[in-house]
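The chain contents come next:
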Amino acid sequence: MDQQIVNAIFIGSIYALFAVGYTLVFGVLDILNLAHSAVFMLGAAVTYTLVVSYGQSFWVACVGGILVSALMGLVIEHVCLRPLRRRRAPPISALISTIGLALVILAAVEQGKPGSFFAWLWKDGANAVAFPVSTIPNPTWHVGNLTLEAVKVAIIPIAIALMLLLGYIIRYTQVGRGLRAVAENPRAARLMGLDVDRIISLTLVISSALGGLAGILFGVALGGISPYMGRDQVEVRGLAIIVLGGMGSVAGAVIGGYLLALIEVLAFITFNSSVSGGVAFAALFLVLILRPQGLFGTRLRERI
Amino acid sequence: MDFFIALFSDPVGFYTSHTLLIGQIGINGIVATSMFLVLYSGQLSLAAPGFMAIGAYVSVLMGLHWHTPGAINMLVAALLAGLVGFLVGLPVLRLRGVFLAIATIGFIEALRLGVILNVPITGEGLGLSNPKADPLGGVNFILPSFIVIVFVIWRLTKGRLGNAWAAIRQDELAALSQGIHVARYKMVAFVISALMAGYAGALEAHLTFNVDPGEGNFGVTRAVQILTFAVLGGSGFVLGPVVGALIITLLPYVFDAAGPYINIVSGIFLIAVIIFRPQGIVGRGGLAIIKPSWWPRRARVSAPTPG
């Protein structure tokens with residue numbers, strides 16, 4: 001039981017990191033970026049490949065994975081979002097273009113086998129792999145009846161520090177003010193002389209870097225790095241989290257991440273493994289019906 | 001390419017040799033029309049796979065346990081899906097936009113993960129096998145159903161109901177202030193769409209011999225695929241989603257040269273279509289595509305200034 005709760009906190013940290021990126025883009029653009037889970041997977045896959053195929057140290061590989069994810073943020077903006085924004089297309093079309101990009105990323109990694117065109121990117125095809133044990137130092141402690149692995153424990157301060165940093169940037173810096181201005185009203189922000197396109201690019205870079213990092217941490221802590229890890233593990237959960245926390249609210253996404261992990265673990269203890277997923281979605285359904293603005297959201301925009 | 005050569009050189013042989021594919025196109029067309037209806041009334045609902053699951057399981061289980069004829073099973077299953085649609089719609093339809101989408105995702109995944117995978121009668125993770133499935137007879141049943149459904153929905157959108165839906169889609173508050181009973185009309189669209197999705201699910205369960213509770217069948221992946229039919233095809237006209245369903249179902253055959261890289265090509269195709277025709281393939285503007293900003297343009301002739 002205690003061990004399960006501790007695990008919920010590890011997983012919750014990863015969920016929160018992932019969901020923060022999701023909610024940031026939604027908050028600024030009012031668009032669900034469905035390629036976010038593909039970026040999550042890509043971050044982990046690139047890091048794994050750098051370690052295993054290119055013999056880099058884990059830290060170098062981490063930086064590489066995060067850089068590639070951040071770059072993918074720019075691709076999302078320039079390929080999927082900006083052309084549609086220029087045309088004043090409805091937000092639903094951005095949903096489709098990001099799905100298209102997610103499909104491309106997933107298919108590219110999935111086809112990465114020795115001898116194939118994408119062998120440089122990934123070499124395990126559709127299989128799930130984990131980092132070789134020797135690449136990451138991982139002392140383990142026993143406290144009472146708990147088993148604490150260093151890599152899992154490290155996730156918590158990393159995640160919390162990053163989220164605090166993000167909160168600080170959004171609240172107190174010039175960049176953050178620009179970001180909030182665009183979120184409030186892009187048109188007015190442009191009239192005030194802000195470079196809206198640049199702020200949106202930056203939002204996607206930050207969001208994708210966090211998403212990629214969440215993927216790396218997931219791979220480190222739980223293994224299971226595969227082309228489907230984003231789609232199966234975090235895509236829908238991410239949606240559930242940002243609704244639980246209130247769409248567009250960064251603090252809400254953090255709390256929602258931990259909350260969802262806790263609900264899942266409790267459901268797992270009470271029922272069994274497959275029901276637990278259903279319980280999480282039933283909770284999501286209930287929250288939306290009883291409190292559509294999310295547990296911590298304050299406003300629900302009403303069109304007049 | 002062989003695929004299209006076969007289609008034009010020997011249509012009858014093509015029909016019998018590609019039964020499953022043609023049936024799937026018809027089913028996807030029905031589901032796409034169900035998606036069209038909710039979008040047309042301004043609701044971004046992704047609940048269709050949930051209703052499909054109800055239609056599939058109820059129709060197959062009735063056949064297995066009560067030995068009732070297939071047509072009755074499908075009808076009852078569709079009606080039941082409509083009833084569930086009504087019950088789900090009661091709380092959910094107060095939500096708008098992305099919130100409605102996510103709530104309906106919650107519904108389909110709670111149904112799939114919480115109920116279908118845990119109730120012994122559904123065969124849990126293994127799914128159900130349906131010995132009464134009849135692919136060839138199924139197709140002869142699916143295509144007429146499909147045509148009738150598209151025609152009925154087209155007539156509905158042209159009538160009083162359609163006007164109310166269009167008004168709600170364009171501006172809910174304005175529609176309300178004109179005396180349109182918004183909640184009721186939304187519910188009508190939602191329930192009809194649930195009926196259609198349930199019917200499509202029942203048809204699908206009788207086209208193949210197995211009902212598979214997988215993610216790609218009754219989960220979010222399927223929901224997103226159905227949404228893609230509608231948005232890619234164009235959600236302003238009934239035929240748009242149908243065209244979208246046709247094109248997306250045929251993509252692997254159109255790009256068969258891509259081999260294992262088919263999903264990469266499909267993804268690029270999706271992005272390209274939505275960027276160059278945000279309104280969908282069937283939509284306003286005839287065949288025109290929006291040119292990208294770097295495309296060379298003719299210089300505009302500016303009007304002479306008077307005086």
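Residues numbered from 1 in each chain as written. Chains lettered and ligands numbered in written order. Predicted model: local features only at pLDDT ≥ 70, side-chain atom pairs only at ≥ 80, totals over all residues.

## Overview of the overall build of chain B
(1) Moving on: Tallying secondary structure elements over chain B gives 14 helices and two strands in all.
(2) Moving on: On C-alpha atoms alone, chain B measures out to a radius of gyration of 21 Å, which is about the 19 Å that the 2.2 N^0.38 rule sets for 307 residues.
(3) Moving on: Out of the 307 residues in chain B, the part that is buried amounts to 48%.
(4) Moving on: Intrachain contacts of chain B at a sequence separation of at least 6 include 78% that bridge at least 24 residues. (Helix = DSSP H or I, 4+ residues; strand = E, 2+ residues; numbered from the N terminus. Rg over C-alpha atoms; globule rule 2.2 N^0.38 Å. Buried ≥ 20, exposed ≤ 12 C-beta atoms within 10 Å, placed from the backbone. Contact = placed C-beta atoms within 7 Å.)

## Looking at the interface of chain A and chain B
(1) Moving on: Between chain A and chain B, the residue contacts involve 36 residues of the former and 39 residues of the latter.
(2) Moving on: Elements supplying a minimum of two residues to the side of chain A that touches chain B: helix H3 (58–86), helix H4 (91–110), helix H9 (229–245) and helix H11 (273–290) of chain A.

## Details of the packing of helix H4 (residues 48–66) of chain B against helix H10 (residues 182–207) of chain B
In a pair of packed helices, the angle between the axes and the distance between the axes together describe the arrangement.
Residue and element names in this part refer to chain B.
(1) Moving on: Relative to each other, H4 and H10 sit at 50°, their axes nearing to 6 Å. By the angle class used here, H4 and H10 are oblique. Of the two possible hands of crossing, H4 and H10 adopt the one that is right-handed. Here H4 contributes Ala-48, Phe-51, Met-52, Ala-53, Ile-54, Gly-55, Ala-56, Ser-59 and Val-60 to the contact with H10, which in turn contributes Ala-194, Ala-197, Gly-198, Tyr-199, Ala-200, Gly-201, Ala-202, Glu-204, Ala-205 and His-206. (Axes fitted to C-alpha atoms, helices over the stretch in contact; angles between N-to-C directions. Parallel < 35°, antiparallel > 145°, perpendicular 65-115°, else oblique. Left-handed = near helix turned anticlockwise from the far one by under 90°.)

## Some words on the nonpolar core
(1) Moving on: In this structure, A:Val20 and B:Met35 are the most contacted members of the largest nonpolar core, which totals 199 residues.
(2) Moving on: Per-element tally for this core: the top contributor is helix H1 (residues 2–29) of chain A, with 16 residues.
(3) Moving on: Contact partners of B:Met35, with chain neighbours within four places excluded, come to B:Ala48, B:Ile226, B:Leu227, B:Phe229, B:Ala230 and B:Pro241. (Core = buried A, V, L, I, M, F, W, Y, C linked by C-beta atoms within 7 Å.)

## Examining the environment of B:Glu124
Residue and element names in this part refer to chain B.
(1) Moving on: Mapped onto the secondary structure, Glu-124 falls in the loop between helix H6 (97–116) and strand S1 (128–129).
(2) Moving on: You can call Glu-124 partly exposed: it has 14 C-beta atoms within 10 Å.
(3) Moving on: Placed eleven residues apart in sequence, Glu-124 and Leu-113 show a C-alpha to C-alpha distance of 9.4 Å.

## A word on the packing of helix H12 (residues 220–233) of chain B against helix H13 (residues 239–254) of chain B
All names here are of chain B.
(1) Moving on: Interhelical geometry of H12 versus H13 gives an angle of 115° and a closest axis separation of 7 Å. Handedness of the H12/H13 crossing: right-handed. Residue-level inspection shows Thr-228, Phe-229, Ala-230, Leu-232 and Gly-233 of H12 in contact with H13, the latter providing Gly-240, Pro-241, Val-242, Val-243, Gly-244, Ala-245 and Ile-248.
(2) Moving on: Split by residue class, the contact of H12 with H13 holds eight nonpolar, four polar and no charged. (Nonpolar A, V, L, I, M, F, W, Y, C, P; charged D, E, K, R; others polar.)

## Describing the environment of A:Ala107
(1) Moving on: Along the chain, A:Ala107 falls in helix H4.
(2) Moving on: A:Ala107 sits in the buried class, given 22 other C-beta atoms within 10 Å.
(3) Moving on: Through-space distance from the C-alpha of A:Ala107 to that of A:Phe118 is 9.9 Å; in sequence the pair is eleven residues apart.
(4) Moving on: When sequence neighbours within four positions are dropped, the list of residues in contact with A:Ala107 reads B:Tyr261, B:Asn263, B:Ile264 and B:Gly267.

## A short note on the confidence of the model for chain B
All names here are of chain B.
(1) Moving on: Looking at chain B as a whole, its pLDDT mean stands at 86, while 92% of the residues score no less than 70.
(2) Moving on: Mean pLDDT in chain B bottoms out at helix H1 (residues 2–9), which sits at 75, and peaks at H10, which reaches 93.
(3) Moving on: The ipTM value of the predicted complex is 0.86, and its pTM value is 0.86. (pLDDT = per-residue confidence, 0-100.)

## Examining unusual backbone geometry
(1) Moving on: Positive phi outside glycine occurs at A:Arg88, with the angle close to 50°.
(2) Moving on: Residue placement: A:Arg88 occurs in the loop between H3 and H4.
(3) Moving on: Despite not being glycine, B:His67 has its phi angle at roughly 55°, a positive value.
(4) Moving on: Relative to the helices and strands, B:His67 resides in the loop between H4 and helix H5 (70–92).
(5) Moving on: By C-beta crowding, B:His67 is classed as exposed, having 9 other C-beta atoms within 10 Å.

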